[in-house]
Amino acid sequence: MDNPIATYRVMIVDDEAILRAGILHLCNWSEYGIEIVAQAANGQEALQLIEAADPHVVITDIVMPVMDGVELTKTMRARYPDIKIVVLSSYSEYNYVREVFKYGVTDYLLKPKVSATELVSLIQSLCSSMNLNSPGSQPAKKDPELMLGRWLDHETDQEVRDDISLELLHIFNRKHFIIAKASTAPLLSRTKWTQSQIEDRIIGLASEQLAGLAHCCVFLKNEALLLVNYDSSQSVEVIAALRRFAERVKDSLKYICYVLSHPFDHFRSLKGEHERLSSHLGRLLYFSGQAMVAEDEITISGEKTSFDERQYISTLRTFSTDESIAMIRALFSETKAHLSYDEYSLKRLCQNLVYSTLFTLEQLKQPIAELGSSKLKLFKMIDLAFDIEELEHIMVQFLEKVRHVVQGKDYRQSIILHQIYEYVNEHYANEISLSEMANALHLNYTYLSSYFKQRTQENLTSYINRVRTDKAKDLLLDPSLSVSEISRLTGFSDHNYFSKVFKKMTGMTPVEYRHQISH
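Residues numbered from 1 in each chain as written. Predicted model: local features only at pLDDT ≥ 70, side-chain atom pairs only at ≥ 80, totals over all residues. Heavy atoms only, no water.

For the protein, an unreviewed UniProt entry supplies the name Two component transcriptional regulator, AraC family and the organism Paenibacillus lactis 154.

Student: How should I be thinking about helix α9 (residues 195–209) in this particular structure?
Tutor: Note: α-helices contain 3.6 residues per turn, so residues at a spacing of three or four share the same orientation. Counted at 1.5 Å a residue, the expected span for α9 with its 15 residues is 21 Å, and the 21 Å between its end C-alpha atoms agrees. Close packing links the buried residues of α9 with α5 (116–127), α8 (185–190), β7 (214–220), β8 (223–230), α10 (235–253) and β9 (258–260). (Helix = DSSP H or I, 4+ residues; strand = E, 2+ residues; numbered from the N terminus. Expected span 1.5 Å × (residues − 1). Contact = heavy atoms within 4.5 Å.)

Student: What exactly am I supposed to notice about the sheet that holds strand β3 (residues 57–61) here?
Tutor: The pairing of strands in a sheet comes from backbone hydrogen bonds and takes either a parallel or an antiparallel form. Taken in spatial order, the five strands make up an open sheet running β2-β1-β3-β4-β5, and their pairing is parallel. Looking at strand neighbours, the two that pair on one side only are β2 (34–40) and β5 (107–110), the edges of this open sheet. Each strand axis lies, on average, 25° off the axis of its neighbour in the sheet, ignoring direction. For strand β1 (residues 8–13) and β3, the ladder comprises four bridges, and the chain directions are parallel. Residue Met11 lies in a different strand from β3, and its bridge partner there is Val58. In the packing of helix α2 (residues 43–53) onto the sheet, contacts are made with β1, β2 and β3, and the angle to β1 comes to roughly 160°. (Pairing = 2+ DSSP bridges. Axes fitted to C-alpha atoms, helices over the stretch in contact; angles between N-to-C directions.)

Student: Would you take a moment to explain the packing of aromatic side chains for this structure?
Tutor: Given two aromatic rings, one states the distance between the centres and the angle between the planes to describe the pair. Applying the stated criterion across every chain, the model contains 14 aromatic pairs. Ring-pair connections join several aromatic residues into one group, and the members of that group are Phe492, Tyr497, Phe498, Phe502 and Tyr513. The ring of Phe492 carries Arg468 above its face, with NZ or CZ at 5.6 Å from the centroid. (Phe/Tyr/Trp six-rings, centres within 6.5 Å; stacked < 30°, edge-to-face > 60°. Lys NZ or Arg CZ within 6 Å of the ring centre and 35° of its normal.)

Student: Is there a simple way to think about the pairing of β2 in this case?
Tutor: Consecutive side chains of a regular strand alternate in pointing toward one face of the sheet and then the other. Across six bridges, β1 lies against β2 in parallel orientation. Within β2, the position partnered with Val10 by the bridge is Ile36. Following the chain from β1 across helix α1 (residues 17–24) to the adjacent parallel β2, one finds a crossover that is right-handed. (Right-handed = clockwise from strand over helix to strand, strands pointing away.)

Below, the structure written as structure tokens:
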């Protein structure tokens, strides 16, 4: 009969049954020498069970009915000082977290992101100093994957990391190392896969495809890392096995792609290789359909693709949506050629362009209510785009809808309105004659005024004064300009009339406005 393994006894306290069940079934706890010995729905129930359960670790929620986690922690510290307490919290409960730390809480975990790797590692760490072994027992198994995860964690003490390093060097004792790394964030946001399901699937496929090779899977903060340790004679076999593994993972999980490091010969180089590969993850969106990309293939030019946003806005102002779409396609074509943006920067650029497009169309009095209402949905689609083809498709589809909105209205009428805005913006500093404007735009004088009023619900003269007032507000920021000079620079020939219009538009005289903004 095998010797018994030392068991770490754990109690779960949470008023949500589904969360207790989630932790209970997070993994096969017995494999790691851990036993869930009791569950409770609140602090009072936990205190009733605690002596019979005799846990080494209590994992507790904070906000619970009857008795919350703060009160439970205070009571346990007084009655059971040797029991380790781990708090489950959400971001919104941080003030409570600070409160319970006063009473000796050992650690805390964020509720939505608890993973088997993190929790097992924490429990084993908390209990490692306890004398749990009875005569004839053996220590709980130390999992290389959990040890490697702790070794890579920035928050692990250097002394602990040194101890782990010695153990890992004993396990991974072959000459060469290579790592493959992927982001699991798209899987968590675009599919129904849970973190534990993703981990199980990747670990299973690694065991299947890398059988006979020393390897280790680690999961840290939405990243999956695979380490392989091998001899020189296995170099070709390792690369082939890694590519088969990546293909199988992609077939199974779909939204995942690995980047493959250079081989390296020292275990202590692993941390640097691991951190360097993280920067390459943001360029994997350029390798559509690939399961694994060698880091040599990710050549970065160092120069961002230039994009003339002024010219882009100009195409919108003239309702040249075909030209707008062509500019977006050219941006993506050049970006793909040079890998000039990382994923985050490219997606932020796209979102900024969406915002600028909607703002410009709104200024032009276009009917964009439907486009505007779906803006948040569009931003989320951009965030979730897995590769650059999908991202380009989202942007082009958006501009196709813009074209439909713009040209679905009276296209010629929209052009006229834009020409009026441009004329006023160009001539506001001079005296503007409506008849001269009408002649410049090849319109009938009476039609010009009635058209503008019908389209914007504002008199043309009032609009001109509003533009001049907005320009005057900018100039009033400059203390070297007198109010009289500003009156002249904004097209008001009469200083008193300027003050009267300014007060009507803002509720203050120019002097009062300047005084307000300077204090």
